[in-house]
Every structure is written in C-alpha cells, then in structure tokens.
Amino acid sequence: MKVYIDGKYYNDKNAKVSVFDHGLLYGDGVFEGIRAYNGRVFKLKEHIDRLYCSAKAILLDIPMSPAEVTAAVLATCRRNDIRDGYVRLVVTRGAGTLGLDPNRCEKPSVIIIAGKIQLYPPEYYENGLTIVTAPTARNFSNAVNPAIKSLNYLNNILAKIEANIAGCEEAIMLNAAGYVAECTGDNVFIVKAGQLVTPPLYAGALYGITRGVTIELARAAGLAVTETNLTRYDLFNADECFLTGTGAELVPVVKIDGRLIGTGKPGPVTKLLVEKYRALTQASGEPI
Ligand code: PMP
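Reference entry: report on the structure contained in this document. (Residues numbered from 1 in each chain as written. Predicted model: local features only at pLDDT ≥ 70, side-chain atom pairs only at ≥ 80, totals over all residues. Heavy atoms only, no water.)

Attention now moves to helix 8 (residues 268-283). With 16 residues, helix 8 extends 23 Å between its outermost C-alpha atoms, agreeing within 8% with the 22 Å of an ideal straight helix rising 1.5 Å per residue. Looking at the packing, one finds that the buried side of helix 8 touches strand 3 (29-37), strand 10 (187-192), strand 11 (195-198), helix 6 (209-220), strand 13 (240-245) and strand 14 (249-256). Immediately beyond the C-terminal end of helix 8, within one or two residues, lies G285, with a positive phi of roughly 125°. (Helix = DSSP H or I, 4+ residues; strand = E, 2+ residues; numbered from the N terminus. Expected span 1.5 Å × (residues − 1). Contact = heavy atoms within 4.5 Å.)

Time to look at the nonpolar core. The tendency in soluble globular proteins is for nonpolar side chains to be buried side by side. Ranked by size, the top nonpolar core spans 27 residues in total, and within it L51, I62, V69 and L89 carry the most contacts. Where this core is concerned, the elements lending two or more residues are strand 3, helix 2 (44-57), helix 3 (66-79), strand 5 (85-92) and strand 6 (109-115). Residues in contact with L51, not counting those within four places in the same chain, are V30, F31, E32, I62, V69, L89 and V91. (Core = buried A, V, L, I, M, F, W, Y, C linked by side-chain atoms within 4.5 Å. Buried < 20%, exposed > 50% of the residue type's maximum accessible area, 1.4 Å probe, protein only.)

Turning to the site of the ligand, a few remarks are in order. Around the ligand, 17 residues are found, and the nearest of them are R50, Y153, E182, T210 and T246. In this structure, E182 approaches the ligand through a side-chain N or O atom, which is 2.5 Å from a nitrogen atom. Protein coverage of the free-state accessible area of the ligand, which is 390 Å², stands at 92%. Put simply, the parts of the chain that give the shell around the ligand at least two residues each are helix 6 and strand 13. Taken together, the residues of the shell around the ligand break down into three nonpolar, nine polar and five charged. (Near = heavy atom within 4 Å. Polar contact = N/O pair within 3.5 Å; in protein donor to acceptor, adjacent residues only side chain to side chain. Areas by Shrake-Rupley, 256 points an atom, 1.4 Å probe, with all protein chains shown as cover. Nonpolar A, V, L, I, M, F, W, Y, C, P; charged D, E, K, R; others polar.)

A cluster of nonpolar side chains, contributed by V19, F20, L24, L25, Y26, L98 and L100, occupies part of the molecular surface with about 700 Å² of accessible area. Considering the arrangement of structural elements, one finds Y26 in helix 1 (residues 22-26). (Patch = residues over 30% accessible without salt bridge, like charges linked within 9 Å, V, L, I, M, F, W, Y side chains within 5 Å. Salt bridge = Lys/Arg side-chain N within 4 Å of Asp/Glu carboxyl O.)

So, to be careful, I would describe these as geometric facts and stop short of saying anything about function.
Below, the structure is given as structure tokens:
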C-alpha cells in the first residue's frame with residue numbers, strides 16, 4: 001500500500017507522523033471516511049466540503065485547496081489500484097511543542113490512506129443488528145460539537161466499548177437532554193406509520209453524508225421524512241429502525257435494549273432504501 005503524506009507516497013511500513021504531532025498528542029485534527037465503488041469515489045465533493053467545515057470549526061488551515069485535496073484523493077486511489085475500497089483522509093494540526101497551543105505547531109499534515117474496507121457480515125443486513133443505549137452521553141454541542149469530524153473520537157469510543165460489553169456492534173447515544181443523537185459511527189432513522197423520522201442535526205450528530213443521501217432517496221420514492229427529536233420510547237415503538245454511515249451503508253436494527261423493533265426482522269421500507277442506496281453507489285461518483 002502507498003500512503004500519501006504531504007505530497008509524497010510512502011510504503012505502509014514507512015508511513016509515519018511525528019510523535020509531536022498534535023493529532024497524536026491531543027486528537028487535534030479532522031478526518032473523513034470515504035468509499036469507492038466500481039472505480040468511482042462516492043460523494044467525494046460532500047466529503048471534501050465536510051472536511052473543510054470541520055477544519056474551519058477548529059481553526060485549522062488546510063495547506064491545500066479543496067481541488068488539490070480532491071485530486072490527491074483520486075491520485076492515491078489510482079496509485080493503490082482501488083476500484084472498491086475505503087479512503088481515510090486525515091488532516092492533523094502537525095508537529096508542535098508539548099503544550100496545547102496549536103500556534104506552536106509548524107504546519108498541518110495531510111494524510112490519505114486508500115485500502116480495503118472491512119464490511120459488516122451479510123447476516124447483519126439479512127437479520128438486522130441488535131444494539132443497546134450507551135450510558136455515555138453524546139458530546140454537548142457547546143463543548144466539542146459532534147458535527148466536527150475531529151480526531152478526538154473518545155466520546156464515541158467510550159460508547160463503542162459499552163456496546164461491545166453488551167455484546168453489540170453499535171450503541172445509541174443520547175444527548176444531554178436525553179434525546180437520541182446518533183450511534184457511535186452511524187446516524188439513526190426510524191420508520192413509523194410509513195414515514196421516515198430521524199433526529200435533527202442539532203440533537204448532536206455528525207452531519208452524515210449517508211443520512212443526507214437516504215433522505216433524498218426516500219423523498220424521491222415518495223416517502224415523507226421528518227427531522228424531529230426522538231426518545232428511546234420512540235425507537236422501541238418504531239415499525240422499523242436502521243442506521244446509516246459510509247462504512248455500514250444502511251443497516252437494519254431489529255432489537256434495542258432487549259425490545260424487538262417491529263416484527264423483529266428488517267422491514268420493507270428499510271429493504272427498499274438499502275436497494276436504492278446500493279444502486280446509487282454503483283452508478284455515481286467521481287471517476288478514479
Ligand atoms: N456519526 C458518526 C459519529 C460518524 O463517525 C459517522 C461516520 N462514520 C456517521 C455518523 C455517518 O456519517 P457518514 O454517513 O458521512 O459516513
């Protein structure tokens with residue numbers, strides 16, 4: 001594998017950053033997780049735009065233009081013969097001193113890793129996931145806003161550990177007010193009386209690109225979509241529930257905190273949207 005770091009390519013064994021990089025010392029940086037399907041990078045512009053929004057929110061000046069980062073992502077995919085794969089795009093604050101102050105960091109580093117994706121096993125899509133609610137609350141938007149896709153993922157990792165302890169892959173995270181925010185690496189949707197409902201972004205979620213695509217696909221299929229606060233009660237009593245994310249795509253959820261959702265099997269609306277999403281990933285994207 002050839003890893004891109006600041007304009008050069010390195011073999012994976014030699015792809016390294018400084019131990020003084022504030023990305024390592026403090027989680028000071030931003031990232032994106034992007035998929036390639038069928039020789040195209042899916043929703044690349046949306047990912048690049050979100051990267052720059054995350055960077056703006058933490059006053060990180062990416063030392064390349066969006067067009068240059070886009071070109072570098074595509075070039076790294078070409079170098080690694082990627083047709084179907086996963087791209088991790090990272091911008092760290094760069095090497096600095098041991099203090100917190102980002103002003104003492106020399107220059108942000110841009111890293112691009114293009115490789116294989118570890119997919120959820122097919123039975124998760126056929127039978128649906130069992131998940132739990134995490135005791136750890138999602139970050140408060142006035143602290144580290146969950147909309148920032150930052151290198152500081154401890155909030156999510158704590159919830160992931162809690163999911164793992166419960167024998168699950170994912171966990172629902174509630175915000176400080178007790179409303180559903182999102183999962184550790186996915187956004188959440190329910191289907192109720194034929195309508196799609198998802199928490200509003202201000203509930204404390206990443207502005208998920210798969211979430212946005214799902215809303216568009218649903219509306220194009222004539223389904224109503226509303227963004228409104230949800231409680232665990234609403235999840236338990238939904239007809240269907242599914243999660244969305246670049247890695248997971250759309251994955252059905254059939255049990256939450258011991259409560260069966262709907263029939264306990266992936267529902268028809270979820271199945272329809274899974275199909276539509278898969279068709280779109282195969283047929284669109286930025287050619288590599
Ligand atoms: N929420 C969190 C916390 C995430 O890390 C992600 C991305 N893995 C998502 C939601 C889904 O976002 P996207 O659809 O853009 O991948």
